[in-house]
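Read off the chains here:
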Amino acid sequence: MHELSIAENIIEIVKQNAAVVNASRVNCVKIRIGELAGVVPDSLDFCYSAIIAGTELEGSRLEIEKTDIVIHCPACGVDSKVEDLFFICPECGGSDTKMISGDELWIVGIDFDE
Amino acid sequence: MPIVRIERKVLQKNDDIAALNRVLLRKKRVFAINLVSSPGSGKTSLLEKTIAELKGKMNLAVIEGDVQTDLDAQRIARLNVPVVQIVTNGACHLEAKLVQDALVKIDLADIDLLIIENVGNLVCPAAYDLGEAMKVVVASTTEGDDKPLKYPAMFRNASVLIINKMDLVPYLNCRVDLLKENAMRINPGLLVFETSCSTGSGIREWSQWLLTNIG
Ligand SMILES: Nc1nc2c(ncn2[C@@H]2O[C@H](COP(=O)(O)OP(=O)(O)OP(=O)(O)O)[C@@H](O)[C@H]2O)c(=O)[nH]1
Ligand SMILES: [Mg+2]
Ligand SMILES: [Zn+2]
């Protein structure tokens, strides 16, 4: 259950940014989670709501956007979406592929509502 | 007010400390392995066997991560290898900061290989870089052949897969070839060893690989 630790990291970053722009209220935090990030969105949402209760962030929510796993194949130059966890290039069968997205765990932005 | 765009990694703070750990380890010429698996796959047993095999050929140190107790560290200390215990007090994974604090307690100048035994867990440790040179994942035959598909992040991030408890294969319906196939479809570059800490099979091959590829 590292979603708790991840929620704490998110809250810390949100508070830092709120202080910078002098925001009095946070409406929504946009998060991007890759399919291979090893984070369960529902669990993260639950942890976030639990920790913000009674704090200045109470009432804010997470908006979670999920991203697919995409690989780049240096052999043929093609980028493809990974289906059923097959990381082998579907174009040429190349196995030396690089993951170019799918393991993101990002804060995309914050909606400070006035 | 419009949405303020940030585009920042949630775990940036952890990654920054991991980068410092990596610089320090490289400077001291220490090769660090982040050893991960489900609870009870045999990480500590494998460490014990590997230490016995490498004794006198390479200087090892161990960091033990556990949720509670220092039982694993006691097992390593009996082998006269420098060991630092990290008790996470509930946390299901090690973080770079905990490793940074542990590194201070080891005389790195004398060490060739540092093995960090992570908390037994195939999910959470995948997200936390510790500053290691590589992740080694242990999967034991008793867990079944589908684990790579259920915990793909860990198998994708690892460089080496050790299939342990090979001695138990005759009693199980785990298909080792399928386990390997499932792991390689996620990570085609994965290097695979098959070991048994009970019979000692495969330990020499794995230790030999460490000797030739590190230092
Ligand atoms: N039969 C058999 N048993 C093994 C083997 N390797 C480990 N074991 C047993 O499996 C159990 C767990 O082994 P550990 O080495 O403590 O596993 P671990 O991964 O360090 O466990 P945690 O640190 O608690 O996650 C012990 O009872 C070991 O004796 C093996 O190759 N064959
Ligand atoms: Mg152990
Ligand atoms: Zn290709």
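The following refers to the structure shown. (Residues numbered from 1 in each chain as written. Chains lettered and ligands numbered in written order. Predicted model: local features only at pLDDT ≥ 70, side-chain atom pairs only at ≥ 80, totals over all residues. Heavy atoms only, no water.)

1. A short note on the overall build of chain B
Consideration 1: Secondary structure summary: chain B contains eight helices and eight strands in total.
Consideration 2: What you see for chain B is a C-alpha radius of gyration of 17 Å, in line with the 17 Å of a compact globule of 215 residues.
Consideration 3: The buried share of chain B, taken over its 215 residues, is 53%.
Consideration 4: Looking at chain B as shown, the accessible area adds up to about 9,400 Å², and 51% of this sits on carbon and sulfur atoms.
Consideration 5: Mean positive and mean negative side-chain charge positions of chain B (26 and 25 charges, respectively) differ by 3 Å. (Helix = DSSP H or I, 4+ residues; strand = E, 2+ residues; numbered from the N terminus. Rg over C-alpha atoms; globule rule 2.2 N^0.38 Å. Buried < 20%, exposed > 50% of the residue type's maximum accessible area, 1.4 Å probe, protein only. Areas by Shrake-Rupley, 256 points an atom, 1.4 Å probe, with all protein chains shown as cover. Lys, Arg positive; Asp, Glu negative; His and termini not counted. Charge placed at Lys NZ, Arg CZ, Asp CG, Glu CD.)

2. Re the packing of helix α1 (residues 3–21) of chain A against helix α2 (residues 41–52) of chain A
Residue and element names in this part refer to chain A.
Consideration 1: It is at 8 Å that the axes of α1 and α2 come closest, and there the two elements cross at 60°. Considered as vectors, α1 and α2 are oriented oblique to each other. Every pair of crossing elements has a handedness; the one defined by α1 and α2 is right-handed. Judged by residue contacts, Glu-3, Leu-4, Ile-6, Ala-7, Glu-8, Ile-10 and Ile-11 of α1 engage Ser-43, Leu-44, Cys-47, Tyr-48, Ile-51 and Ile-52 from α2. (Axes fitted to C-alpha atoms, helices over the stretch in contact; angles between N-to-C directions. Parallel < 35°, antiparallel > 145°, perpendicular 65-115°, else oblique. Left-handed = near helix turned anticlockwise from the far one by under 90°. Contact = heavy atoms within 4.5 Å.)

3. Considering the pattern of salt bridges
Consideration 1: Enumeration according to the criterion identifies 20 salt bridges over all chains in this entry.
Consideration 2: The salt bridge partner of Asp15(B) is Lys9(B), with a shortest N-O separation of 3.3 Å.
Consideration 3: A salt bridge links Lys180(B) to Glu194(B), with the nearest nitrogen and oxygen atoms 2.6 Å apart. Residue Lys180(B) is found in helix α7 (residues 176–186), and its partner Glu194(B) is found in strand β8 (residues 191–194); the two are separated by 14 residues along the sequence.
Consideration 4: A relative accessible area of 28% places Lys180(B) in the partly exposed class.
Consideration 5: A relative accessible area of 32% means that Glu194(B) is categorised as partly exposed.
Consideration 6: If you follow the salt bridges from partner to partner, you end up with Arg32(A), Glu65(A), Arg5(B) and Glu7(B) in one network. (Salt bridge = Lys/Arg side-chain N within 4 Å of Asp/Glu carboxyl O.)

4. Notes on the pairing of strand β3 (residues 60–66) of chain B
Residues and elements named next belong to chain B.
Consideration 1: With seven of seven residues buried, β3 is to be regarded as a mostly interior element.
Consideration 2: Burial along β3 is two-sided: the residues Leu-60, Val-62, Glu-64 and Asp-66 and Ala-61, Ile-63 and Gly-65 are all buried.
Consideration 3: Bridge count between β3 and strand β4 (residues 83–87): five bridges; the pairing is parallel. Bridge assignment links Val-62 to a residue of β4, and that residue is Val-83.
Consideration 4: Of the crossover connections in this fold, the one passing from β3 over helix α3 (residues 71–77) to the parallel β4 is right-handed. (Pairing = 2+ DSSP bridges. Right-handed = clockwise from strand over helix to strand, strands pointing away.)

5. As for the sheet that holds strand β6 (residues 134–140) of chain B
Residues and elements named next belong to chain B.
Consideration 1: Taken in spatial order, the seven strands make up an open sheet running β4-β3-β5-β2-β6-β7-β8, and their pairing is parallel. Unpaired on one side and paired on the other, β4 and β8 mark the two borders of the sheet. Averaged over all adjacent pairs, the angle separating strand axes in this sheet is 20°, with direction ignored.
Consideration 2: In this sheet, β8 lies alongside strand β7 (residues 160–164) in parallel orientation, the contact comprising four bridges. In the strand pairing of β8, Val-160 is matched with Leu-191.
Consideration 3: Its contacts with the sheet put helix α2 (residues 43–54) on β2 (31–37), β3, β5 (113–117), β6 and β7, and the angle it makes with β3 is roughly 175°.
Consideration 4: Of the strands in this sheet, β2, β5, β6, β7 and β8 are in contact with helix α8 (residues 203–213), which crosses β8 at around 140°.

6. Focus on the site of ligand 1
Residue and element names in this part refer to chain B.
Consideration 1: Of all residues adjacent to ligand 1, which total 19 residues, the nearest are Lys-43, Thr-44, Ser-45, Asp-167 and Cys-197.
Consideration 2: In the model, an oxygen atom of ligand 1 is placed 3.3 Å from a nitrogen or oxygen of the Ser-41 main chain.
Consideration 3: The side chain of Ser-45 places a nitrogen or oxygen atom 2.5 Å from an oxygen atom of ligand 1.
Consideration 4: In isolation ligand 1 offers 650 Å² of accessible surface; the protein chains occlude 70% of this area.
Consideration 5: Where the shell around ligand 1 is concerned, the elements lending two or more residues are α2 and α3.
Consideration 6: The dominant element in the shell around ligand 1, judged by the number of residues it contributes, is α2, at three residues.
Consideration 7: When its residues are assigned to classes, the shell around ligand 1 shows three nonpolar, 10 polar and six charged. (Near = heavy atom within 4 Å. Polar contact = N/O pair within 3.5 Å; in protein donor to acceptor, adjacent residues only side chain to side chain. Nonpolar A, V, L, I, M, F, W, Y, C, P; charged D, E, K, R; others polar.)

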